[in-house]
Amino acid sequence: MLDLRSAAIAANRFGFGAKPGELNTIAADPRGWLKQQLVPEPRTESATPSSTKLAEFLQARKERKSDVDLAKMLRKDLQEDFRAAAAQRSLDAANSATPFRERLVQFWSNHFTVSIQRPVVIPVAVGFENEAIRPNVTGNFRAMLSAVAMHPAMLLYLDNAQSVGPNSIGGRLRDKGLNENLAREMLELHTVGVDGSYTQTDVTEFAKILTGWSIARDGEPNPGGFRYRPAIHEPGSKTLMGKTYREDGLQEGLLALNDLASRPQTARHIATKLARHFVADDPPPAAIDLLAKTFQKTNGDLHAVSLALVDLPQIWSDPLTKIKTPNDLVLSACRTFGITDAKAGEGVLMGLKQMDQVPFDAPSPAGWPDTADSWISPEAMMTRIQWALAAGQKLDGHADAREVAKGSIQPVAADSTMFHIDNAPSPADGLALLIASPEFQRR
């Protein structure tokens, strides 16, 4: 017997909704449909690595004749490239054959936020997700953590590329010093969490451990990529959260990251964020406990943690506990209505800008918020309704609201919702009512 209710939960809670006709396929085995998406994918190399784009940007900045010239370059070439890549990324996620994997990619990309609010991040933002996050999304958390910390996007966004050990050779010769941004956010946001029992002294010591983690310059191997610089690494032993790390250059940082990944506070912090994203804004303690135990027992195996996530009974008990973020809403509309044309990408970005969630433009290193109170206000609701009305007009003639509703929200929809869609004054109004319905706005 087909389980359409669980199919709707699988499609919406774990992905971005159901493609036309997809619910029946999922309903045969909703959990199996999700678990098969966790099989590791073959890694594909980007045609143009982000290090190459960054090197070109840094060289242009070095050679600029004025700040006006640089501003023009940022405004035109870099932003046009970024917008095209970000739009394609959104369409690819919306139409993926493995939407659960895509949601995990976006979850971890948000956990390890880099933002184009720092202009130097623009050429490497999409590459960061493809190079540091995507290959590790069902691998080991340690590997992802190291890849993130060594990626030029993160090193530039949180200023570690310019961090100099005060007692290093470079520190004694140059008027530069320690920058604690990366160390602080690695502790507060990425690993043990704000309640992880670390101190300001730990932040400073960790920042010293990470000195020397920088970017290769023009003329060096792999310009724009990671480069360890011994001349600016703080010498001597450092003590982080009770453990002393002897002087060992690059290996100090790798060992410290490995230890942070292994801490029970990290397991708890990650488990809480996963449960909040997939279960409820106020996640049930039992779900957090199970995910944290799985994380610890498997030494941070994200494949095992994701499988445990699928089997959480709390996820399947209520189909509509999470408000969709603007990103979720736009991507689910694309998937539900079968929007695949690359020409639609600009419209996708316009919708996300209208609702204040442009990809890779989070306002802080904490990333985009994951609770309803951050996205639902009277003004935000009016914006969503206006977007739904505009989308209904654009889709008029291309989709039938009643048929789309049957293949998407009907298994979890109230009778009143289906009644209003069925009896809408016009086809465009029916489509707008579907998109604006409580069932489509939640997952």
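Everything in this summary refers to the structure shown in the same document. The shown structure was predicted, so the numbers you read here are calculated from the model rather than taken from an experiment.

**A look at a nonpolar patch on the surface**
And then number 1: Taken together, Met 382, Ile 385 and Leu 389 make up a surface patch of nonpolar side chains, about 260 Å² in accessible area.
And then number 2: Tracing the sequence through the fold places Leu 389 in helix α20 (residues 378-395).
And then number 3: Leu 389 sits in the partly exposed class, given a relative accessible area of 44%.

**Some words on empty space enclosed by the protein**
And then number 1: Summed over the entire model, instances satisfying the criterion amount to 2 cavities of 30 Å³ or more.
And then number 2: What lines the largest cavity is simply Ala 8, Ile 9, Asn 12, Pro 319, Leu 320, Ser 408, Ile 409, Val 412, Glu 439, Arg 442 and Arg 443.
And then number 3: Tallying contributions element by element places helix α1 (residues 4-13) first for the lining of the largest cavity, with 3 residues.
And then number 4: For the lining of the largest cavity, the per-class residue count stands at 6 nonpolar, 2 polar and 3 charged.
And then number 5: In this model, the second largest cavity occupies a volume close to 30 Å³.

**Overview of the side chain of Asp 159**
And then number 1: The topology assignment puts Asp 159 in the loop between α9 (152-157) and α10 (169-173).
And then number 2: Judged by its relative accessible area of 14%, Asp 159 is buried.
And then number 3: Dropping the residues within four chain positions of it, Asp 159 is found in contact with Arg 118, Met 154, Asn 179 and Asn 181.

**Remarks on the nonpolar core**
And then number 1: Core analysis: the biggest nonpolar cluster contains 92 residues, and Trp 108, Phe 112 and Phe 206 have the highest contact counts within it.
And then number 2: Among the elements that take part in this core, helix α14 (residues 264-278) stands out by supplying 6 residues, more than any other.
And then number 3: Those residues in contact with Phe 206 that lie beyond four places of it in its chain are Ala 183, Met 186, Leu 187, Leu 240, Ala 256, Leu 257 and Leu 260.
And then number 4: The next biggest cluster of nonpolar side chains, apart from the first, holds 28 residues, and it includes Ala 391, Ala 405, Met 418 and Leu 431.

**Quick look at the packing of aromatic side chains**
For any two aromatic rings, the description comes down to two numbers: the centre-to-centre distance and the angle of the planes.
And then number 1: Under the criterion given, the structure shown has 12 aromatic pairs.
And then number 2: What links up through ring pairs into an aromatic cluster is the set Phe 107, Trp 108, Phe 112, Phe 141 and Phe 295.
And then number 3: Over the aromatic face of Phe 440 sits the side chain of Lys 324, whose NZ or CZ is 4.1 Å from the ring centroid.

**Thoughts on the side chain of Ser 437**
And then number 1: In this structure, Ser 437 sits in the loop between α23 (427-436) and α24 (438-441).
And then number 2: For Ser 437, the contacting residues outside a window of four places in its chain are Ile 409 and Thr 417.

**Examining helix α22 (residues 415-422)**
And then number 1: The complete set of buried residues in α22 reads Thr 417, Met 418 and Ile 421. For α22, the arc enclosing every buried residue in end-on projection is 95°, short of the 170-degree limit, so these residues lie on one face.
And then number 2: Packing partners of the buried residues in α22 comprise α21 (401-406), α23 and α24.

**A short note on the environment of Gln 117**
And then number 1: Within the element layout of this structure, Gln 117 appears in the loop between α6 (99-111) and α7 (125-133).
And then number 2: You can call Gln 117 partly exposed: its relative accessible area is 47%.
And then number 3: Considered as a pair, Gln 117 and Leu 307 are 190 residues apart in the sequence and their alpha carbons are 35 Å apart.
And then number 4: In this structure Gln 117 touches Asp 361, Ala 362 and Pro 363, once residues within four positions along its chain are discounted.
And then number 5: Of the polar contacts made by the side chain of Gln 117, one reaches the backbone oxygen of Asp 361; its length is 3.4 Å.

Rules used in this analysis
Residues numbered from 1 in each chain as written. Predicted model: local features only at pLDDT ≥ 70, side-chain atom pairs only at ≥ 80, totals over all residues. Heavy atoms only, no water. Patch = residues over 30% accessible without salt bridge, like charges linked within 9 Å, V, L, I, M, F, W, Y side chains within 5 Å. Areas by Shrake-Rupley, 256 points an atom, 1.4 Å probe, with all protein chains shown as cover. Salt bridge = Lys/Arg side-chain N within 4 Å of Asp/Glu carboxyl O. Helix = DSSP H or I, 4+ residues; strand = E, 2+ residues; numbered from the N terminus. Buried < 20%, exposed > 50% of the residue type's maximum accessible area, 1.4 Å probe, protein only. 1 Å grid on protein atoms, 1.4 Å probe; cavity = no way out; pocket = protein on both sides within 12 Å on 5 of 7 lines; lining within 4 Å. Points joined across faces, edges and corners; volume = space filled by probe spheres on them. Nonpolar A, V, L, I, M, F, W, Y, C, P; charged D, E, K, R; others polar. Contact = heavy atoms within 4.5 Å. Core = buried A, V, L, I, M, F, W, Y, C linked by side-chain atoms within 4.5 Å. Phe/Tyr/Trp six-rings, centres within 6.5 Å; stacked < 30°, edge-to-face > 60°. Lys NZ or Arg CZ within 6 Å of the ring centre and 35° of its normal. Arc of directions from axis to C-beta. Polar contact = N/O pair within 3.5 Å; in protein donor to acceptor, adjacent residues only side chain to side chain.

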